[in-house]
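For reference, the chains in residue letters:
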Amino acid sequence: ETGVTQSPTHLIKTRGQQVTLRCSSQSGHNTVSWYQQALGQGPQFIFQYYREEENGRGNFPPRFSGLQFPNYSSELNVNALELDDSALYLCASSPRGGVADTQYFGPGTRLTVL
Amino acid sequence: GENVEQHPSTLSVQEGDSAVIKCTYSDSASNYFPWYKQELGKRPQLIIDIRSNVGEKKDQRIAVTLNKTAKHFSLHITETQPEDSAVYFCAAINNYGQNFVFGPGTRLSVLP
């Protein structure tokens, strides 16, 4: 069984640029959630994708967008980067969408915005 | 929406002592409560979870209790070891599984 993987590991961008982060879900999981974790804080829910559709969204502006592909992998896109977007971005996969289920986290992508 | 509070923010215990971390939630529709351990620079790892139809769950040195009426749940670690040192996060999720709301975390230090 393959765990959740994310790429890249680290990324440095400048303010105003755009970034795409990638996540491969654990084998057999059809739901991917994305979180932003600022230093010293708990993860904040961005959105969830289930069967290629957005299935819930947290309090993040529209410049945060995502996709899920038929193989259940997912992308997080952030446009017009701001300094406050610097954080660890975590994705988590779960076996079933639409129900309260265990989420398994990837190692994260650390984004630095200069 | 859901709001999860967690206390204490930092906790230091001597090796072998017990540690207790408490969380409260606001949304009565929440019915799944996992606990994650996050070591420095690593991903959050699930250590134990509990659903709203259960009052207590135990796994070796770790236990979780849930009081639905009071909307709080607690993590208990007995016989603490230095490798238990990490940041612990509680979370609450509603029946539709769309939104994990995490607490702010507790930094546990186990002193040898």
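For the structure, check the block above.
What comes next is a walk through the structure.

Criteria and thresholds
- Counting restarts for each chain, with residues numbered from 1 along the sequence as it is written.
- Chain letters start at A and ligand numbers start at 1, both assigned in the order the entries are written.
- Two thresholds apply to this predicted model, a pLDDT of at least 70 for residue-level local features and 80 or more for giving and counting side-chain atom pairs, whereas whole-chain, interface and lining totals are computed over all residues.
- Just so you know, side-chain values use all the structure's heavy atoms and leave hydrogens and water out.
- What counts as a helix is a DSSP run of H or I of at least four residues, what counts as a strand is a run of E of at least two, and both are numbered from the N terminus.
- Note that the radius of gyration is over C-alpha atoms, with the globule rule given as 2.2 Å times the number of residues to the power 0.38.
- Accessible area is worked out with a 1.4 Å probe on protein chains only. A residue is then buried under 20% of its type maximum, exposed over 50%, and partly exposed in between.
- The contact criterion used throughout is that any non-hydrogen atoms of two residues lie within 4.5 Å.
- To measure how exposed things are, a 1.4 Å probe is used in the Shrake-Rupley method; for residues, cover is taken only from the protein chains shown.
- Under this rule, positive means Lys or Arg and negative means Asp or Glu; His and the chain ends count for nothing.
- Every charge is mapped onto a representative atom, which is NZ of Lys, CZ of Arg, CG of Asp or CD of Glu.
- Note on pairing: DSSP must find at least two bridges between two strands before they are called paired.
- For helices, the fitted line uses only the C-alpha atoms of the stretch in contact; every axis is such a line through C-alpha atoms, and the angle between N-to-C directions lies from 0 to 180 degrees.
- Side-chain atoms within 4.5 Å are what join buried Ala, Val, Leu, Ile, Met, Phe, Trp, Tyr and Cys residues into a set we call a nonpolar core.
- In this scheme Phe, Tyr and Trp rings, the latter by its six-membered ring, pair at centre separations within 6.5 Å, and the angle between planes marks the pair as stacked below 30 degrees, edge-to-face above 60, and tilted otherwise.

What follows covers the overall build of chain B. Along its length, chain B carries zero helices and eleven strands. Along its sequence from the N terminus, chain B presents helices and strands in the succession β-β-β-β-β-β-β-β-β-β-β. Against the compact-globule benchmark of 13 Å for 112 residues, chain B has a radius of gyration of 13 Å, which places it among compact chains. With respect to the three principal axes, the spread of C-alpha positions in chain B is 40 × 30 × 20 Å. Scored against the burial criterion, the 112 residues of chain B give a buried share of 46%. Sequence separation of 24 or more characterises 54% of the internal contacts of chain B that already satisfy a separation of 6 or more. Carbon and sulfur atoms make up 45% of the accessible area of chain B, which totals about 5,600 Å². Distance from the positive charge centre (11 side chains) to the negative charge centre (12 side chains) of chain B: 4 Å.

Below, the discussion takes up the sheet that holds strand β3 (residues 19–24) of chain A. All names here are of chain A. Here we have four strands laid out as an open sheet, ordered β1-β3-β8-β7, and antiparallel in their pairing. One side of each edge strand has no neighbouring strand; the edge strands of this open sheet are β1 (5–7) and β7 (64–68). Geometrically, the sheet is characterised by an average inter-axis angle of 20° between neighbouring strands, direction not taken into account. As judged from the five bridges shared by β7 and strand β8 (residues 74–78), these two strands associate in the antiparallel manner. Residue pairing in the sheet places serine 65 in a bridge with asparagine 77 of β8.

Turning our eyes to something else, we now look at the nonpolar core. One finds Trp35(B), Phe73(B), Leu75(B), Tyr88(B) and Leu108(B) to be the most contacted residues of the largest nonpolar core, which totals 25 residues. Setting aside residues no more than four positions away along its own chain, Leu75(B) makes contact with Ala19(B), Val20(B), Ile21(B), Trp35(B), Ile47(B), Ile48(B), Ile62(B), Ala63(B) and Tyr88(B). Leu11(A), Leu21(A), Tyr89(A) and Cys91(A) belong to the second-largest nonpolar core, a separate cluster that totals 20 residues.

A cis amide bond, omega -10°, links Ser7(A) with the succeeding residue Pro8(A). Of note, the bond from His7(B) into Pro8(B) is cis; its omega dihedral lies within 30 degrees of zero at -5°. With respect to the helices and strands, the residue Pro8(B) is situated in the loop between β1 (4–7) and β2 (10–14). The backbone of Arg51(A) shows a phi angle near 50°, a positive value even though the residue is not glycine. Here Arg51(A) is to be found in the loop between β5 (44–50) and β6 (53–57). Notably, Tyr72(A) is not glycine yet its phi reads approximately 75°, a positive angle. Assignment of secondary structure puts Tyr72(A) in the loop between β7 and β8. Among the residues examined, Tyr72(A) registers a relative accessible area of 30% and is labelled partly exposed.

The next subject is the packing of aromatic side chains. Overall, the coordinates contain 15 aromatic pairs over all chains when judged by the stated rule. Seen in terms of ring centroids, Phe60(A) and Phe64(A) are 5.1 Å apart; in terms of plane orientation they differ by 65°. Their pairing is edge-to-face. We classify Phe64(A) as buried; its relative accessible area is 2%. Geometrically, the ring pair formed by Tyr32(B) and Phe100(B) is edge-to-face, given 6.2 Å between the ring centres and 65° between the ring planes. You can see Tyr32(B) sitting in strand β4 (residues 30–38) and its partner Phe100(B) sitting in the loop between β9 (86–94) and β10 (101–102), a full 68 residues away along the chain.

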